[in-house]
Amino acid sequence: MAGSPFSYAVYGLVPRVERGERMNVGVVVFSRPLQYLAARTGLDEARLAAFWPGLDAEDVRPHLVAIERIAAGDPEAGPIAQLDTTARFHWLVSPSSTIIQPSAVHTGLCGRPGDELDKLFASLVLVPPPEGTA
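Because the structure is predicted, anything quoted here is derived from the model rather than measured. (Residues numbered from 1 in each chain as written. Predicted model: local features only at pLDDT ≥ 70, side-chain atom pairs only at ≥ 80, totals over all residues. Heavy atoms only, no water.)

With reference to specific residues and values, describe the layout of surface pockets.
In this structure, the largest pocket encloses a volume near 310 Å³. Forming the walls of the largest pocket are 15 residues, and the residues nearest its centre are Ile67, Trp91, Ser96, Thr98 and Ile100. Put simply, the parts of the chain that give the lining of the largest pocket at least two residues each are α2 (57-72), α3 (85-92) and β4 (100-102). (1 Å grid on protein atoms, 1.4 Å probe; cavity = no way out; pocket = protein on both sides within 12 Å on 5 of 7 lines; lining within 4 Å. Points joined across faces, edges and corners; volume = space filled by probe spheres on them. Helix = DSSP H or I, 4+ residues; strand = E, 2+ residues; numbered from the N terminus.)

I'd like to hear about the pairing of strand β3 (residues 36-41), residue by residue, with values.
Burial of β3 is extensive: five of the six residues sit out of reach of the surface. Between the end of strand β2 (residues 23-31) and the start of β3, which pair antiparallel, lie four residues, with Gln35 showing a positive phi angle near 50 degrees. (Buried < 20%, exposed > 50% of the residue type's maximum accessible area, 1.4 Å probe, protein only. Pairing = 2+ DSSP bridges.)

Tell me about helix α4 (residues 113-124), residues and numbers included.
End to end, α4 covers 16 Å across 12 residues, agreeing with the expected 16 Å (1.5 Å per residue, within 8%). Buried residues in α4 make contact with β1 (4-13), β2, β3 and β5 (106-110). (Expected span 1.5 Å × (residues − 1). Contact = heavy atoms within 4.5 Å.)

Now, about α2: what can you tell me, with residues and values included?
Between its terminal C-alpha atoms α2 stretches 23 Å, which fits the 22 Å expected from 16 residues at 1.5 Å a residue. Buried within α2 we find Ala57, Val60, Leu64, Ile67, Ile70 and Ala71. When α2 is viewed along its axis, its buried side chains cluster within an angular range of 155 degrees and face the same direction. Of the surrounding secondary structure, the elements contacted by the buried residues of α2 are β1, β2, β3, α1 (45-51), α3 and β4. One side-chain oxygen of the residue at the start of α2 lies 2.9 Å from the amide nitrogen of Glu58, identifying that residue as Asp56. Gly73 occupies a position one or two residues after α2 and carries a positive phi of about 70 degrees. (Arc of directions from axis to C-beta. Polar contact = N/O pair within 3.5 Å; in protein donor to acceptor, adjacent residues only side chain to side chain.)

Which residues make up the side chain of Thr85, and what are the values?
Here Thr85 shows up in helix α3. Classification of Thr85 as buried rests on a relative accessible area of 17%. With residues near it in sequence (within four places) discarded, Thr85 still touches Phe30, Gln35 and Leu37.

If you had to explain the packing of α2 against α3 to someone new, which residues and values would you point to?
Contact geometry for α2 and α3: axes closest at 9 Å, N-to-C directions at 160 degrees. It follows that α2 is roughly antiparallel to α3 by the angle criterion. Taking contact as the criterion, the partners of Ile67, Ile70, Ala71 and Ala72 in α2 are, on α3, Arg88, Trp91 and Leu92. Looking at the contact of α2 with α3 residue by residue, the class counts come to six nonpolar, no polar and one charged. (Axes fitted to C-alpha atoms, helices over the stretch in contact; angles between N-to-C directions. Parallel < 35°, antiparallel > 145°, perpendicular 65-115°, else oblique. Nonpolar A, V, L, I, M, F, W, Y, C, P; charged D, E, K, R; others polar.)

Explain the nonpolar core to me, and be specific about the residues and the numbers.
Considering soluble globular proteins, one finds that nonpolar side chains tend to be buried as a cluster. Within the largest apolar cluster, 23 residues are counted, with the highest numbers of intra-cluster contacts made by Leu13, Val25, Val28, Leu43 and Ile100. Of all the secondary-structure elements, those providing two or more residues to this core are β1, β2, β3, α2 and α3. In terms of residues, this core owes the most to one element, α2, which gives six residues. The contacts of Leu43, once residues within four sequence positions are left out, are Met23, Val25, Leu48, Ala57, Val60, Arg61 and Leu64. Formed by 12 residues, the second largest nonpolar core is a distinct cluster that contains Val27, Cys110, Leu117 and Val125. (Core = buried A, V, L, I, M, F, W, Y, C linked by side-chain atoms within 4.5 Å.)

Here it is as structure tokens:
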């Protein structure tokens with residue numbers, strides 16, 4: 001099946017870099033040929049409490065919202081959100097020293113990048129219910 005090239009990265013919450021642990025909290029998808037850039041984030045508070053009991057979810061949420069707003073080019077999201085889609089994507093996937101860090105960039109082909117974002121978010125960020133409870 002033919003498609004257009006796209007790139008994506010997964011955002012991870014990294015409480016202590018030295019431990020090498022991360023909890024996936026978002027995905028960003030970019031397709032230059034389709035002029036598409038979007039991010040979706042989500043924070044499972046129960047997992048966060050088990051993963052890092054001392055971190056308040058309300059301290060993390062503004063950072064996740066900023067990722068989505070920058071990807072969307074929200075005029076209220078600051079100067080980085082005003083860059084073109086390619087520059088915004090490169091900024092969003094740049095290595096970071098904050099507790100929210102992007103993975104390496106992965107590539108693929110797709111026809112509808114919005115569907116790809118949905119699929120990646122569901123498979124990489126959302127935690128499926130235990131077997132037999134769906």
